[in-house]
Amino acid sequence: MRGRGRRNRIIVQTRVPGETTTARERVESAGFSRMERDAGLARLVTARDTRREPFHRWMVFKQAFSPGLVRRFLRDEALLRPAPGSAPLLDPFSGTGTFVIECARQNIPAIGVDALLSTAFVTNVKALAEIPDVPDLTGCIDWPQVADGVAHPAHRAALICAVAARHTAKGTLNRNAPPLLDSFNACVAMMRDDILHPLPRRNIIVHADGCDLACLADASIGGILTSPPYLSRHDYAKLAQPQETVYAHWYGTVTPKQLPASPQAHGLESVGSPFKSVGPPIESVGSPPMPNLPAPIPDAVLEACDALMLARQQKPARLVRTYFQGLLAAISDFRRVLKAGAPCWIVIGGARLKDVYIPTDTILADYARSAGFAVDRILVARNLIPSGRKFGRLTNIAPRESILVMRCI
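Since this is a predicted model, take the numbers as computed values, not measurements.

A. The arrangement of the overall build of the chain in detail. If you tally the helices and strands in the chain, you get 14 helices and 12 strands. Residue burial in the chain is summarised as follows: out of 409 residues, 53% are buried. Long-range pairs, those at least 24 residues apart, make up 78% of the contacts in the chain between residues at least 6 apart in sequence. With the model as given, the accessible surface of the chain reaches about 18,900 Å², and the carbon-plus-sulfur share is 54%.

B. Geometry of the side chain of Thr-96. You can see Thr-96 is positioned in the loop between β2 (89–91) and α5 (98–105). Judged by its relative accessible area of 9%, Thr-96 is buried. In this view, Thr-96 contacts Met-59, Phe-61, Ala-64, Thr-119, Thr-123 and Lys-126; residues no more than four positions away in its chain are not counted.

C. Spotlight on the sheet that holds strand β3 (residues 110–114). Taken in spatial order, the 8 strands make up an open sheet running β1-β9-β12-β6-β5-β2-β3-β4, and their pairing is mixed. Unpaired on one side and paired on the other, β1 (35–37) and β4 (204–207) mark the two borders of the sheet. Across the sheet, the mean angle from the axis of one strand to that of its neighbour is 20 degrees, orientation sign disregarded. Sitting on the sheet, helix α4 (residues 67–76) is in contact with β2, β5 (223–226), β6 (343–349), β9 (373–383) and β12 (400–408), with an inclination near 150 degrees to β6. In the packing of helix α13 (residues 314–337) onto the sheet, contacts are made with β2, β5, β6, β9 and β12, and the angle to β6 comes to roughly 165 degrees.

D. Main features of the nonpolar core. Phe-99 and Phe-334 are the most contacted members of the largest nonpolar core, which has 120 residues in total. With 10 residues, α13 is the largest single contributor of residues to this core. In contact with Phe-334, other than residues within four places in its own chain, are Pro-92, Phe-93, Gly-210, Leu-213, Ile-224, Thr-226, Cys-344, Ile-346 and Phe-373.

E. Molecular detail of the state of the cysteines. Here the structure, examined in full by the defined rule, presents 0 disulfides. Free of any disulfide, Cys-408 has its nearest neighbouring cysteine sulfur in Cys-344, separated by 8.5 Å.

F. Focus on the packing of aromatic side chains. Counting across every chain of the model gives 9 aromatic pairs. Measuring from ring centre to ring centre gives 6.0 Å for Phe-73 and Phe-99, while their planes differ by 65 degrees; the resulting arrangement is edge-to-face. Separated by 26 residues along the polypeptide, Phe-73 in helix α4 and Phe-99 in helix α5 bring together distant segments of the chain. Phe-73 sits in the buried class, given a relative accessible area of 0%. When the ring of Trp-250 is compared with that of Tyr-251, the centres are 6.2 Å apart and the planes differ by 65 degrees; the resulting orientation is edge-to-face. Note on Trp-250: relative accessible area 16%, which makes it buried. By the ring-pair criterion, three or more aromatic residues cluster together here, those being Phe-121, Tyr-247, Trp-250 and Tyr-251.

G. The confidence of the model for the chain, seen in detail. Of all residues in the chain, 84% have pLDDT values of 70 or greater, and the mean over the chain is 85. pLDDT under 50 marks residues 270–291. Its contacts with residues more than four places away, or in other chains, come to 41 contacts.

H. Up close: the pattern of salt bridges. Throughout the structure, instances matching the rule amount to 24 salt bridges. Of the charged contacts in the structure, one is a salt bridge between Arg-407 and Asp-376, with a shortest N-O distance of 3.7 Å. Residue Arg-407 is located in strand β12, and its partner Asp-376 is located in strand β9; the two are separated by 31 residues in the primary sequence. Relative accessible area serves as the criterion here: at 27%, Arg-407 is assigned to the partly exposed category. Taken together, the shared-partner salt bridges in this structure form one network comprising Asp-38, Arg-72, Arg-75 and Asp-76.

Calculation criteria
- Residues numbered from 1 in each chain as written.
- Predicted model: local features only at pLDDT ≥ 70, side-chain atom pairs only at ≥ 80, totals over all residues.
- Heavy atoms only, no water.
- Helix = DSSP H or I, 4+ residues; strand = E, 2+ residues; numbered from the N terminus.
- Buried < 20%, exposed > 50% of the residue type's maximum accessible area, 1.4 Å probe, protein only.
- Contact = heavy atoms within 4.5 Å.
- Areas by Shrake-Rupley, 256 points an atom, 1.4 Å probe, with all protein chains shown as cover.
- Pairing = 2+ DSSP bridges.
- Axes fitted to C-alpha atoms, helices over the stretch in contact; angles between N-to-C directions.
- Core = buried A, V, L, I, M, F, W, Y, C linked by side-chain atoms within 4.5 Å.
- Disulfide = S-S within 2.5 Å.
- Phe/Tyr/Trp six-rings, centres within 6.5 Å; stacked < 30°, edge-to-face > 60°.
- pLDDT = per-residue confidence, 0-100.
- Salt bridge = Lys/Arg side-chain N within 4 Å of Asp/Glu carboxyl O.

Okay, structure coming up:
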């Protein structure tokens, strides 16, 4: 009975005792005037519909957004029929390539950047025109045996997808998964079905850090739709470790700070030059891009870190600070690479860490205005926690999943 009572007291607690909330209340209050609840977005900010869509269904991450969100972005921003020679669109945190592949289906030039080698590789394979017959893999039981028996990029991509499908959203092996060869052959069949109706355009992903877009020239991008990692206890690199391990079996591993892994490095010559489909934005000659200087940490972030330290939560406090340092640096780089007037949509989630409320969307909106963006709206898709709480002078406050709709000034 004592333990149950202790849990109940934690549930009703509104904040850490002695916690200051002034700075976060300020950004929340400022953001309320731009907030719009849009229940239709609740499904689009998840990957629930991805399994039914050609090319997108090859590899599905729970943390991804839906191709339907890409279509809404293109519709709302009137980008479905860009003028010839217009600047490409960009997703700096591409994941499984939902954005670049959906743009390719719409014949719109787009590029992606992602820190995971395996997902970039699988996305680039989607530009192939055919998939040859699978070699004889009789007797192969585990993935290293299958990996040693396949050499074609499409077959290797199918193995990566099969291994990913055999793991849960937490990165652990699903004990109820079918035998590996069955999963592999099902992936090859699915890929062949999709390639019967090839993509009208070749959009690709390169391996790089989405927080550091030094590979892109100033004012070279026509629009951004992206979803950076959320502030949570999840280790995204660990969740992707199964497929990253398979990729490394053939190609090794590099850090995003090294040269991007191009399609040619994987035997994908038919894809063409890494940025052939997007033309001029990649700066290969001339002066280097402007340096991406560290952004000052907003007061609301420092306040949240202080509250975590007050609660003796040093590790989460460091996590919050590091997270926002990377995210704010990314926002500054988005501003550098976007053309004037270009749209920028950021799908982001708030958090409540150790009972400390962190309004990520309103903090980013506040910073984006100082970085050179006009924040049009904050579209609230859903609450990440069912019930809200009192927060300082504010009531019914809960972490949200939102889309910042901004424009580069």
